[in-house]
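Inside the fold
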Amino acid sequence: MQQPFTPEVIAEHGLTPSEYDRIVELLERHPTIVELGIFSVMWSEHCSYKSSRVHLKRLPTTGECVVQGPGENAGIVDIGEGYTVAFKIESHNHPSFIEPFQGAATGVGGILRDIFTMGARPIAAMNSLHFGDIDSQGTRRVADGVVRGIGHYGNCFGVPTIGGEVHFSDRYEKNPLVNAFALGIMKRDQIFLGKAEGVGNPVIYVGAKTGRDGIHGATMASAEFDDEALEKRPTVQVGDPFLEKLLLEACLEAMRSGAVVGIQDMGAAGLTCSTCEMGFRGGTGVEIELDLVPQRETGMTPYEIMLSESQERMLLVASHGRAREVIEIFHKWELDAVVVGRVTDDGKMRVLEHGEVVAEIPNVFLTDEAPVYHRPLARPEGEVVLELLHDALDVDAEGALLELLASPNIASKEWVYDQYDHMVRTNTVVLPGSDAAVLRVKETRKALAMTLDSNARYCEIDPRLGVMHAVAEAARNLSVTGARPLAVTNCMNFASPERPETMWQFSETIDGMSEACRAFDTPVTGGNVSFYNETDGRGIFPTPVIGMVGLIDDPKHVTTQWFAKEGHAVVLIGDETPALGGSEYLATVRGVLTGPLPGLDLDREKAVQEAVRTAITDELIVSAHDCSDGGIAVALAECCFSSYRLPAVGATVDLDFGLDAITTLFGEAPSRVIASAPVGAVAKIAEICRRIGVPCRQVGIVGGDRLRIDVRGATSVDVRVADLESAWRSRIAAAMAVGR
Amino acid sequence: MKAEVYVTLKRGVLDPQGKAIQHAIEANGSDAIAAVRQGKYFEIEVAPALEPAAARAELDRIAREILSNPVIEDYRLEIHE
Amino acid sequence: MKFGVVVFPGSNCDHDAYHVISKVIGQPVDFIWHRDSNLDGFDCIVLPGGFSYGDYLRTGAIASMSPVMRSVVGFANHGGIVIGICNGFQILCESGLLPGALLRNASLAFACRHVNLRVERTDTVYTRDYERGQVLSIPIAHGDGNYFCDDETLARLEGEGQVLFRYVDSKGDPTPESNPNGSRNNIAGIVNDRGNVLGMMPHPERASEEALGSADGRGVFTSLAAALAELAKAS
């Protein structure tokens, strides 16, 4: 048979000539146009992980608490008392650049569906956001739209958005990163998987009607950007959080009825992905008739229906004879629910239109047989400068502290989280603004802490060590709230995998993450890879984002970062020597990115965290704060600031690390925590630290309305806390108000 | 028959969205604008069986009672035969 | 004596109100589905926060036309006690049970944070457990909470003492800075002239337990429980 497609058509589908040849070889014929579309999305980087699979295999994915590892819609861990939590992070980077509001909103919608598809009720959302330079007009447009979009979807759906991180750097100017995290809770015996089991069982389409939204979204997310990308607006999907809220309630009710066998979200690649993946996981086939699919527009072709990315849709398999029962539940919630097909025994996805086969592909061709690339790796040329600038230390410490506090990366993110409902469901015990967000779990006696952390600047300098720092910081952020780290989900944001330098960074990141996650015994239960984050040949920093979840056995031990009482002792736990390499200080005050990074001793890090957690559960520590970005001076200032719980308070601190004032104040190091405690408890904290083998000493006292820091006997900083707080609190809101 | 309904904030009700739009236009370098007020627009397809007079009365009621809130909004109904 | 929490499609603070009533103040409570119109056996109706019907026409507008709301209007007109929180307040205004309307926040942004509220009256079924002038820390979470009414209505609300809660600073003064949404006269909550229908934008159910950072809102529910108990005894 003659080649039915021109090379251009094949290229437009994001397939290489050799990939097309492979399709022909597998099928033993040329594909139909519908089949070409199906292969195009299933073999895209986004769905197939073809460049990353060989590396992802090296991550630790199993552990005592892991109930479900990677491969399903979300990972699941056990939290005891018969309950489990499902959580995952996913990127929506490209759509958020093209249409920030809808791109971010549908990103939130997608991750929420991933969670409730498993049978879990979403109880928390977080976001990791990376934007361009805060003072550029482009960044304002993107940041404003993204934050409103996240708020719009999460607030209306009724899930609290309780935390996350926001970073600014010109490297994200045309490639903002929007990574959405969600977490849900369910009983251990009520987990649902995306499997089509039971030959003959009905396959039911539920939720919103199918329109021409986002056709080829999955291939778009797998291609580099150029100026034409902004012209691709019609591919952007529009989210309907109200409909999703109804879908949530209906799905959970249908699951409780016992009539549901398996269920999967129609995310990227819509009907295509859900049909073949559910069959593949169940060891079965799925046959659907497109005439039965609810459609929002007229005259849609099979190609369009199969590739549509309309939001708020699910595919589910019901038990034999129970389809009507399931459909009635969805009708009660005023949602469409239609039997569109059945489970077969032939291991194929078969698509019919008016009874005629328009696509028929063995599931395995779209999943296990998808291409796997061992792409070349190469360490980037041009070593990052490892020598510090000579004048880096010649700076007024007070001025530098004010400048750092007003750096958008450190400044208060209030402008962002004020727009998110972070309290709905009345579980949020620690509101945004402290080291990690904490939720009580009403169903149990426990609380959950969670955090998103990345350190892209570190990863640019040294991806392996950089990501280890990010994992350590995530664990530290949980430990200082009193939580024991349980497990991780990751979102790997990188430039083009076709560059050996990017793949080297990726591979190094996987190795660093594996080592650190093994050390903390926090397996990776799932996540997402986003490649091609580059525009006009300029890539983002390698940006692996770590989402970590931890457990607090008794909510009364939940701890926050804020100094609580005049007269309390300020205690520094851990004594790692700080260094300026890669620091926020060098980036902000000196405008340079230079190494080497501070070292990280994982054993010492674990010991510090254990000491802090022990002192918290022994009710000795009143507040605890991770001491990282911006160094100890920034950390101390943050401890002094007012919060929704406490007024601002000053402190007097005396530091001697045997270093100059600037490195002492702004140098960064892992494995350090600033705690406060009644003076009488200091000896007991020291005793715990001695037992665990961690240095600990009182460095100051809480009180007054100024932050005074002496370095080796000389006063370096002596400022009113109110002045520090106002610099820190106003920066982002002021930048976003420009042009209003 | 088709109907169009425009719903706008009453005079005297502050319109911060309109203000923001006005600022955006000014920031864009245009001085052609003195004030902007924004509102909602509805396109309605009328059921074919309805008599024109009855349709007009019913649409007016819908615009008044459902599509607008008389406490804060005015409406204007246009009918195209 | 029983509370009823109405569930509209899109309500999302329904479970929070239910939790406070059942678990925190230990009173009988049931959910009421939006298509139900039978309110027999209920002594206080709670219209919870959320985005009823997606708030797709105007906030609270579609909900105000639902079957349950027709019954709630009748219930209130016969003296039944009603409280609408956030979206519930918007629904009460749209249904005509309370005067005025809630416009988009003056900042144009959704705002979620703790604010200070001053209790303006304590001789109501909603506020008897507070002190007059007491300043409460209670969260808001809304995009459309900017209370608007015409001058005449405003004069009547103020003159008749129908303003129950006002946004204030930590000292108790209603300053422009302490007004989070542009509401006229810093109004956060009002009652109808008969005193049996309250609408408020802040969320007392989110501030009813110390664990959540404030228990200042619990007084609304304990006041209601005490008032209902008295009414039950009297009848």
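Residues numbered from 1 in each chain as written. Chains lettered and ligands numbered in written order. Predicted model: local features only at pLDDT ≥ 70, side-chain atom pairs only at ≥ 80, totals over all residues.

1. Observations concerning the packing of helix H18 (residues 463-479) of chain A against helix H19 (residues 500-520) of chain A
All names here are of chain A. Running from amino to carboxyl end, H18 crosses H19 at an angle of 35°, the nearest separation of the two axes being 7 Å. For the pair H18 and H19, the crossing hand works out as right-handed. Here Pro463, Arg464, Leu465, Val467, Met468, Val471, Ala472 and Ala475 of H18 come into contact with H19, specifically with Gln505, Glu508, Thr509, Asp511, Gly512, Met513, Glu515, Ala516, Cys517 and Phe520. Looking at side-chain class alone, the contact of H18 with H19 contains 11 nonpolar, three polar and four charged residues. (Axes fitted to C-alpha atoms, helices over the stretch in contact; angles between N-to-C directions. Helix = DSSP H or I, 4+ residues; strand = E, 2+ residues; numbered from the N terminus. Left-handed = near helix turned anticlockwise from the far one by under 90°. Contact = placed C-beta atoms within 7 Å. Nonpolar A, V, L, I, M, F, W, Y, C, P; charged D, E, K, R; others polar.)

2. Section: unusual backbone geometry
All names here are of chain A. Of note, the amide linkage connecting Gly595 to Pro596 takes the cis form, showing an omega dihedral of -5°. Among the secondary structure elements, Pro596 is positioned in the loop between helix H20 (584-590) and helix H21 (602-617). A positive phi angle, close to 55°, is found at Glu81, a residue other than glycine. By the secondary structure assignment, Glu81 is in the loop between strand S2 (75-80) and strand S3 (83-91). Even without being a glycine, Glu312 presents a positive backbone phi close to 55°. Among the secondary structure elements, Glu312 is positioned in the loop between helix H12 (302-307) and strand S10 (313-318).

3. Here we look at the interface of chain B and chain C
Of the residues lining the interface, seven residues belong to chain B; the matching set on chain C comes to 10 residues. A breakdown of the residues in the side of chain B that touches chain C according to their chemical character gives five nonpolar, two polar and no charged.

4. So, helix H22 (residues 631-640) of chain A
The element H22(A) is extensively covered by neighbouring structure, given that 10 of its 10 residues are classed as buried. Of the residues making up H22(A), those classed as buried are Gly631(A), Ile632(A), Ala633(A), Val634(A), Ala635(A), Leu636(A), Ala637(A), Glu638(A), Cys639(A) and Cys640(A). (Buried ≥ 20, exposed ≤ 12 C-beta atoms within 10 Å, placed from the backbone.)

5. What to know about the sheet that holds strand S1 (residues 2-9) of chain B
Residue and element names in this part refer to chain B. Within the open sheet, the three strands sit side by side as S2-S1-S3. Their pairing is antiparallel. Since the sheet does not close on itself, it has two edges, and those belong to strand S2 (39-45) and strand S3 (73-80), each with one partner. Neighbour-to-neighbour, the strand axes of the sheet open up by a mean angle of 15°, direction not taken into account. Inspection of the sheet shows S1 paired to S3 by eight bridges, in the antiparallel sense. Within the sheet, the bridge partner assigned to Glu4 lies in S3 and is Glu78. (Pairing = 2+ DSSP bridges.)

6. With respect to the confidence of the model for chain C
Of the residues in chain C, 100% have a pLDDT of 70 or more, and the chain-wide mean is 96. What the predictor reports for the complex is a pTM of 0.94 with an ipTM of 0.97. (pLDDT = per-residue confidence, 0-100.)

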